[in-house]
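The residues making up each chain are set out below.
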Amino acid sequence: MIQQTLEKMKKMKLYGMSRSFSHATESDSMASLTPDELIALLVENEWDDRQNRRMESSLRGARFRYKATVEELDFRPGRELDKNQLLRLADGGYIKKGENILMTGSTGTGKSYLACALGNQACSKGYKVLYANTTRLLTQLKMAKADGSSIKEMLKLEKLDVLILDDFGIQPLDIQSRMLLMEIIEDRHGKKSTIITSQLPVSTWYEIIGDQTIADSILDRIVHDAHRIELKGESLRKQRKIEPENR
């Protein structure tokens, strides 16, 4: 009967519960549990298992550039990284409010790593996150426009709780790119959070976008009430003489 019960649990995809039940029977701990305690134990283990699997799935789907965590961030004085600000952001309040984060700083100062760390933290809280290189994402959306799948792709972006647009401003936007960016920002404005990293200060983003009217519309939506982080100091890559994966 125990084996049949385990098989039924697995068929119903109650993997956490089946492992817990199997362990309880093998260790003879069931005898010391009351019926309500046993049920609570099984449900708790199933809950934990589903939460862990959901987080693992979220992390895979987010496609983070770096395996970064908030706990591993470098707060040395030269970087001028506000620890209190980062801890508040890690709490996820900005996501509930649909607020944005803008990160600027020279190459190698850790913008992408920091963005991935906040994204990882959001995943741990059950939010849907996607990391994307800005230029590559816009190129993919152009291709989607050509084959008729752009509506589907834009809906996916709209549903994300956090969208990370990395390396914004590497090259000026053409007409199609700025219109796609405008659509992305418009769909998410006031509802979902967007994290943007750039080597260039926000004051130069008008030139990158290229059209004054569209630039005004985009920046009005992403800059207003955004959390601003400016990373300073020498390149961490040069300091450590290691590969960029290691923040």
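Scroll up to find the structure.
Source: prediction; values computed, not measured. (Residues numbered from 1 in each chain as written. Predicted model: local features only at pLDDT ≥ 70, side-chain atom pairs only at ≥ 80, totals over all residues. Heavy atoms only, no water.)

Enquirer: Honestly, the overall build of the protein in this entry has me stumped. Any pointers?
Expert: Helix and strand content of the protein: 12 helices and five strands. Here the C-alpha radius of gyration of the protein, 23 Å, is well above what a compact globule of 247 residues would show, namely 18 Å. Seen through its C-alpha atoms, the protein measures out along the principal axes to roughly 70 × 50 × 30 Å. The buried share of the protein, taken over its 247 residues, is 44%. A fraction of 81% describes how many contacts in the protein between residues 6 or more apart in sequence connect residues 24 or more apart. Averaging the coordinates of the 39 positive side-chain charges in the protein and doing the same for the 36 negative ones gives two points 3 Å apart. (Helix = DSSP H or I, 4+ residues; strand = E, 2+ residues; numbered from the N terminus. Rg over C-alpha atoms; globule rule 2.2 N^0.38 Å. Buried < 20%, exposed > 50% of the residue type's maximum accessible area, 1.4 Å probe, protein only. Contact = heavy atoms within 4.5 Å. Lys, Arg positive; Asp, Glu negative; His and termini not counted. Charge placed at Lys NZ, Arg CZ, Asp CG, Glu CD.)

Enquirer: Where do I start with the packing of aromatic side chains in this structure?
Expert: Two aromatic rings are characterised by how far apart their centres lie and by the angle between their planes. The full count for this structure, using the stated rule, is two aromatic pairs. Pairing F168 with W205 gives two aromatic rings, centres 5.0 Å apart and planes at 65 degrees, and the pair type is edge-to-face. Linking F168 in the loop between strand 3 (162–166) and helix 9 (175–188) with W205 in helix 10 (residues 205–209), this pair joins segments that are 37 residues apart in sequence. Taken as a pair, F168 and W205 share a single burial class, namely buried. The ring of F75 is capped by K83, whose NZ or CZ atom sits 5.6 Å from the centre of that ring. (Phe/Tyr/Trp six-rings, centres within 6.5 Å; stacked < 30°, edge-to-face > 60°. Lys NZ or Arg CZ within 6 Å of the ring centre and 35° of its normal.)

Enquirer: For this particular structure, what's the right way to read unusual backbone geometry?
Expert: Most peptide bonds take the trans form, and the phi angle of most residues other than glycine is negative. One non-glycine residue, K13, lies in the positive phi region at around 65 degrees. Structurally, the position occupied by K13 is in the loop between helix 1 (2–11) and helix 2 (15–26). Positive phi is not limited to glycine here, since D167 has a value of about 60 degrees. Residue placement: D167 occurs in the loop between strand 3 and helix 9. Assessed through its relative accessible area of 17%, D167 is described here as buried.

Enquirer: What am I meant to see in helix 6 (residues 111–124) here?
Expert: Because an α-helix packs 3.6 residues into every turn, residues spaced three or four apart end up facing the same way. For helix 6, which comprises 14 residues, the first-to-last C-alpha distance of 20 Å matches the rise-based estimate of 20 Å (1.5 Å per residue) to within 8%. Within helix 6, 13 of the 14 residues are buried, leaving the element largely enclosed by the surrounding structure. Following helix 6 by one or two positions, G126 adopts a phi angle in the positive range, close to 90 degrees. (Expected span 1.5 Å × (residues − 1).)

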